[in-house]
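# Chain and residue survey
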Amino acid sequence: MDKFLQLLLSGVALGGIYALVALGFVVIYKASGAFNFAQGGFVTLGAYMVYQFGTDWGLPFWLALVLAMIVMAAVGMFLERLVIRPMVGKPVFTVVLITLGLLLIIEQVVRSVWTMPGLVLTTPWGNGRSRLGDVTLRHADLWTMVSAAALLAAFFLFFRYSRTGLGMRATALDQEAAAAQGISVGRSFAVSWAVAAAAAPVAGVMLVSRGGGALSPAIGFVALAAFPAMILGGLDSAGGAVLGGVLIGLAEIMSQGYLDVSWLGSNVELVVPYVLMVLVLLWRPEGLLGTRRVERV
Amino acid sequence: MSRGFLRRMLPSPDPTRSAGGSGTAVNPLLPSAGAKVMAALTVAGVVICPLVLKDPFWITVLGNAGTFAVAALGLSLLTGFCGQVSLGHAAFLTVGGYLVAFFGAGWGWPLPAWLALAAATGAVIGALVGPFALRFKGNYLVVVTLALIFVVTHVARNWEGFTGGFDGISTNRAPLAVGGLDFGDMSAFGQRLDRQQGLFYLSWILVGISALVVRNLVRSRPGRAMQAIRDRDLAAEVIGVSNARYKIAAFAISSAMASAAGAVYAVGLRFITPNEPLAELFLSIRFVAIIIVGGMGTVSGAIVGALLLGPLPELVKEFVSVLDVTVPGLGRPLVSDTVASEPLFSTSAFSEVLFGLLLVLALLFQPQGIAGLVRSLRIRRAGARQARTAGEGH
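This write-up is about the structure you can find in this document. (Residues numbered from 1 in each chain as written. Chains lettered and ligands numbered in written order. Predicted model: local features only at pLDDT ≥ 70, side-chain atom pairs only at ≥ 80, totals over all residues. Heavy atoms only, no water.)

### Structural notes on helix H4 (residues 92–113) of chain A
The terminal C-alpha atoms of H4 of chain A, which comprises 22 residues, lie 32 Å apart, in line with the 32 Å expected from a rise of 1.5 Å per residue. With 19 of its 22 residues buried, H4 of chain A lies for the most part within the structure. (Helix = DSSP H or I, 4+ residues; strand = E, 2+ residues; numbered from the N terminus. Expected span 1.5 Å × (residues − 1). Buried < 20%, exposed > 50% of the residue type's maximum accessible area, 1.4 Å probe, protein only.)

Next comes the structure, spelled out in structure tokens:
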């Protein structure tokens with residue numbers, strides 16, 4: 001039972017990280033109907049920026065995080081203006097392919113800027129842990145869950161009540177109709193990229209601190225596991241992103257803890273998110289909380 | 001989502017070409033005199049290439065470009081003609097690679113056997129993926145096909161009896177003989193050719209076969225059905241085109257080509273080890289870049305794209321000295337494999353960046369790729385000629 005509770009906690013925390021990454025995907029999807037494959041690159045870049053500002057330049061951690069969020073928002077807006085804006089009104093898929101190109105580039109740029117191996121990101125909570133009965137709670141996990149919950153709440157309010165958020169939802173539904181209503185499609189795109197990029201350093205920091213603080217250019221790899229989370233929950237639902245994240249996180253940790261079947265091989269937890277995603281999609285193609293779409297000819 | 005899904009990237013109808021004259025096929029294999037000349041020149045070039053090019057580097061590079069072209073033709077059929085986008089293409093190459101290592105190099109199966117096995121296995125796995133394409137479209141399908149990469153890399157790492165696990169497995173002893181013709185030790189026009197030269201011929205024979213298969217497919221009934229599905233799958237279903245049959249067929253054929261290409265590629269590499277999933281993803285993106293830069297929805301585009309982009313990593317490595325220039329202001333070399341000199345990019349990193357840049361630039365400025373560029377030039381020239389003859393008439 002203790003093992004189960006411990007794994008449950010760990011799984012939910014990992015799910016929180018997936019949710020943080022997936023929320024970035026959802027924002028851009030909500031505005032433009034496109035997958036942003038570069039989000040994983042943003043997560044890596046964001047984590048390295050926090051390292052640069054905080055650990056390397058010695059700024060206080062929270063200041064470094066906020067600074068990284070601002071810089072990343074600018075990077076997101078810049079990239080949007082440079083390569084995504086010309087695609088307004090073009091098939092969504094071209095945008096998806098462009099973000100794939102960006103992913104290739106960002107990953108290598110991170111490698112070329114931070115060449116030193118073995119960089120370590122310091123966080124105020126470090127490797128701290130508390131005991132709750134028989135279960136160990138890592139402070140990093142706690143902070144992950146808190147920030148995922150906070151971001152989710154912020155996104156919910158933003159898309160439900162703010163003019164910009166509503167405009168972004170309208171843009172995703174139908175760019176032309178939204179433009180006819182006086183919504184600036186370009187501005188919706190810009191804001192969505194800024195918001196998604198600004199969320200990336202938070203996800204990056206949580207991800208790195210979960211692994212003990214070691215930075216590596218491959219941490220954006222986790223974004224590939226956030227895809228199943230996002231699809232599982234429903235592409236256009238922020239709540240779905242969190243639900244999907246937690247489910248995938250739990251599945252991964254539980255299979256790590258219990259699924260010790262020799263013929264499945266080691267590290268089977270890397271495959272589990274995708275298998276789970278495919279199974280759920282076969283049952284509900286729009287995801288658990290996504291909007292059901294009716295297609296007309 | 002489905003409306004105009006890939007339309008901007010596809011060739012526009014050609015106004016200079018009249019459909020169906022008296023007694024001529026509606027869509028001949030090689031539609032114009034220019035196309036016939038180009039096809040003949042390509043064949044001649046392929047035959048002569050290994051005889052005049054003595055540098056093993058170039059033979060290897062161009063041979064690999066051939067295997068890339070085979071796989072790219074498969075992806076072009078799937079994406080360019082049937083509208084199904086896949087990021088799992090690299091997984092099929094990996095499958096083909098391990099099959100040739102185990103059955104070809106390990107058990108000594110002859111060339112036709114291991115090649116057929118690779119293609120058949122690719123087709124079966126592709127046909128299993130096909131039904132997912134019935135349920136998922138666009139964005140969703142892209143991510144679902146990503147799952148393939150994870151499953152295949154997982155199997156490659158863990159099924160040690162078959163794949164050699166992390167240590168990998170050699171493909172070096174795979175037989176390359178068909179009847180009396182041994183690609184591993186052949187002679188042509190009085191010259192003895194080594195293994196790399198033989199592999200070059202083998203790859204480009206496969207390119208010829210694949211190009212013929214794709215070209216014949218797309219100009220006949222199944223191909224038209226696939227293109228109808230690409231343009232509007234629901235509308236196609238309504239007029240009686242079975243989405244299930246043709247999507248599954250497209251996946252099966254495309255995967256068979258990728259798997260066969262992967263087998264030949266692995267023989268050229270002499271050894272195969274499990275890739276990181278991320279590296280496998282990048283390889284898949286590379287094929288997407290190839291068909292987009294070459295020109296989506298055209299056979300020649302996939303081959304040209306593979307020729308230009310396929311060898312990029314090898315070319316960057318070979319000509320690293322040209323790129324090993326100090327970047328002003330930073331004092332670090334742009335590209336180098338000497339870690340001590342703190343280069344901005346290693347050669348492999350630089351070629352990834354190039355692929356990313358080419359993909360983005362092509363989509364921004366030339367979404368119909370090189371094939372589209374050639375096409376629009378020809379249309380413009382034909383338009384000018386028409387204007388001239390019309391002027392003379394008056």
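### Quick word on the environment of Leu 334 of chain B
Residue and element names in this part refer to chain B. Take Leu 334: it is sitting in the loop between strand E8 (332–333) and helix H15 (347–365). By relative accessible area, Leu 334 is classed as partly exposed at 23%. Spatially, the C-alpha atom of Leu 334 lies 36 Å from that of Leu 51, the residues being 283 residues apart in sequence. With residues up to four places along the chain from it excluded, the contact list for Leu 334 reads Leu 323, Val 325, Val 327, Pro 343, Leu 344, Phe 345 and Phe 350. (Contact = heavy atoms within 4.5 Å.)

### Some remarks on the pairing of strand E1 (residues 129–132) of chain A
Residues and elements named next belong to chain A. Inspection of the sheet shows E1 paired to strand E2 (residues 135–138) by four bridges, in the antiparallel sense. Within E2, the position partnered with Leu 132 by the bridge is Val 135. The turn linking E1 back onto E2 is made up of two residues, and Gly 133 within it adopts a positive phi angle of 65°. (Pairing = 2+ DSSP bridges.)

### A few points about the pattern of salt bridges
All names here are of chain A. On inspection of all chains with the given rule, the structure shows seven salt bridges over all chains. For Arg 111, the salt bridge goes to Glu 107, with nearest N and O atoms at 2.8 Å. Taken as a pair, Arg 111 and Glu 107 lie in helix H4 at a separation of four residues, close to a single helical turn. For Glu 107, a relative accessible area of 9% translates into the label buried. In this structure, Arg 138 engages Asp 141 in a salt bridge whose closest nitrogen and oxygen atoms are separated by 3.9 Å. Put simply, Arg 138, Asp 141 and Arg 210 are held in one network by salt bridges that share partners. (Salt bridge = Lys/Arg side-chain N within 4 Å of Asp/Glu carboxyl O.)

### Here's the deal with unusual backbone geometry
We note that Arg 270 of chain B has phi near 75°; this positive angle belongs to a residue other than glycine. Here Arg 270 of chain B lies in the loop between helix H10 (243–269) and strand E6 (271–272).

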